[in-house]
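Here are the chains, one letter per residue:
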Amino acid sequence: MNIRFVTKSIHAYLDYPVALGLIALPMALNLGQSNPLAFWLSVVTGVAALILTLLTDHETGLIRVLPYSFHLIVDFAVGVVFLAAPLVLGFKGIDLAYYIVNAIAVLTVVSLHKPDVAEPQAA
């Protein structure tokens, strides 16, 4: 049984609300109490995610110049950074919880990616 169900289309429609959330939630949650970088890492990542989504070759991309496979690699890297940042930068409280939850969410979505029929699957 294959539990990978996040298709390219589903991922494409998730990208915009996620990017906007990464920009808006730091203000709503008052992030940056333990380290100002907790606020700015999310906002900058949200802006970058919005640009990445606009440039990705998928259903909601407006200027489709970046392959979806590159988009997935960037998403995975963001998940790893979000997991490492609280430990490296000493985030505490809501800052710590925000990044751990987001890291788990991003890494889960990437790991549940269902390859298109035309995509070769790794052994």
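What you are looking at is a predicted structure, and each value in this text was computed from that prediction instead of being measured.

S.K.: Would you mind going over the nonpolar core in detail, with residue names and values included?
M.R.: Formed by Leu22, Leu31, Ala38, Phe82, Ala85, Phe91, Tyr98, Tyr99 and Ala103, the largest nonpolar core amounts to nine residues. Residue assignment for this core shows that the elements contributing at least two residues are helix H3 (68-89) and helix H4 (93-111). With three residues, the single largest contributor to this core is H4. Filtering out sequence-adjacent residues up to four positions away, phenylalanine 82 remains in contact with Leu22, Leu41, Thr45, Tyr99, Asn102 and Ala103.

S.K.: I'd like a description of helix H1 (residues 8-28), backed by residues and values.
M.R.: Look at H1: 30 Å from first C-alpha to last across 21 residues, which is about the 30 Å you get at 1.5 Å a residue. Most pronounced at leucine 22, the bend in H1 amounts to some 35 degrees, and the proline proline 26 follows within four residues. Listing the buried residues of H1 in full gives His11, Ala12, Asp15, Ala19, Gly21, Leu22 and Pro26. Structurally, H1 contributes buried residues whose contacts are with helix H2 (36-55), H3 and H4. Two residues or fewer after H1 comes asparagine 30, characterised by a positive phi angle close to 55 degrees.

Cut-offs applied
Residues numbered from 1 in each chain as written. Predicted model: local features only at pLDDT ≥ 70, side-chain atom pairs only at ≥ 80, totals over all residues. Heavy atoms only, no water. Core = buried A, V, L, I, M, F, W, Y, C linked by side-chain atoms within 4.5 Å. Buried < 20%, exposed > 50% of the residue type's maximum accessible area, 1.4 Å probe, protein only. Helix = DSSP H or I, 4+ residues; strand = E, 2+ residues; numbered from the N terminus. Contact = heavy atoms within 4.5 Å. Expected span 1.5 Å × (residues − 1). Bend = angle between axes of the 7 residues up to and from the residue.

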